[in-house]
Amino acid sequence: ENADSAAWTARGASALRAEAYAMAAHSYRRAVALDSRNAEALRGALQAAARQGQTEAARQWLESLSRQQPSNAAVRVELSYLAAATGRTEDALAHANAALGLAPDDPRPLEQLASILADAGNAERLAPIADDLALRFRDRADGRYYQAVALMLSARASEAADAARRLLSAAPNHAKAQNLLGAACATTGDLACARAAFSRAIEIDPRDPSPHVNLGV
């Protein structure tokens, strides 16, 4: 077919939503074959593989791409994402830092680093990265989100709730920020706010298990 990388990516996204995971994986890989720096297609291919229980095959595919294209930062970001998802934190950090070295002006390596540090609960290392993201990439929401996460991890729940609300006023469909607001509100004892935020997070992203669990507050 004459479809370009963007068209194959769109097909993959449609198949993923329809839970047609084999078709999604095929479409995303076709997209990557046409543009190996297509971040959406790379991430989609990983998600489709995970839904089929093929995470190891996906890792081998990414490592092969990385060997063939050692300057491809997008592939390094996805190797980091996969390593983090499978509990290999040090590998995840190494790949994310390598991606940052290859593409210092791309926000995605920094966002991946922030995600790893947030999951690890490392507020001290997360805070400056979040500040850098928020300052340099003002059009992207993740910097402000990770600033709020750093506040929450530093036992400053009220400030984290305020930061999450500011973000959500500009990006109301940011599911993770809604979940964070719920957690911050629960910590401060505002259970009505917590339930509303968790419920909204589920509406936005029903596949994320975290707000489902948190809604029990």
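Residues numbered from 1 in each chain as written. Predicted model: local features only at pLDDT ≥ 70, side-chain atom pairs only at ≥ 80, totals over all residues. Heavy atoms only, no water.

Further remarks concern the side chain of Asn72. Mapped onto the fold, Asn72 is located in the loop between helix H4 (55-68) and helix H5 (73-85). Judged by its relative accessible area of 1%, Asn72 is buried. A polar atom in the side chain of Asn72 sits 3.0 Å from the backbone oxygen of Ser36. The residues contacting Asn72, other than those within four sequence positions of it, are Ser36, Arg37 and Leu102. (Helix = DSSP H or I, 4+ residues; strand = E, 2+ residues; numbered from the N terminus. Buried < 20%, exposed > 50% of the residue type's maximum accessible area, 1.4 Å probe, protein only. Polar contact = N/O pair within 3.5 Å; in protein donor to acceptor, adjacent residues only side chain to side chain. Contact = heavy atoms within 4.5 Å.)

This part covers the state of the cysteines. Using the criterion set out here, one finds one disulfide in the structure. Put simply, Cys185 and Cys193 are joined by a disulfide, and their sulfur atoms are 2.0 Å apart. When the S-S torsion is 45°, as for the bridge of Cys185 with Cys193, the disulfide is right-handed. The same class applies to Cys185 and to Cys193, which are both buried. (Disulfide = S-S within 2.5 Å.)

Running from amino to carboxyl end, helix H2 (residues 21-34) crosses helix H3 (residues 39-51) at an angle of 155°, the nearest separation of the two axes being 8 Å. If you check the angle between H2 and H3, you find them roughly antiparallel. Relative to H3, H2 is oriented so that their crossing is left-handed. From H2, Tyr21, Ala24, Ala25, Tyr28, Ala31 and Val32 reach across to H3, where they touch Glu40, Ala41, Leu42, Gly44, Ala45, Ala48 and Arg51. The class makeup of the residues in the contact of H2 with H3 is 10 nonpolar, one polar and two charged. (Axes fitted to C-alpha atoms, helices over the stretch in contact; angles between N-to-C directions. Parallel < 35°, antiparallel > 145°, perpendicular 65-115°, else oblique. Left-handed = near helix turned anticlockwise from the far one by under 90°. Nonpolar A, V, L, I, M, F, W, Y, C, P; charged D, E, K, R; others polar.)

Remember that the coordinates give geometry; whether it matters functionally is a separate question.
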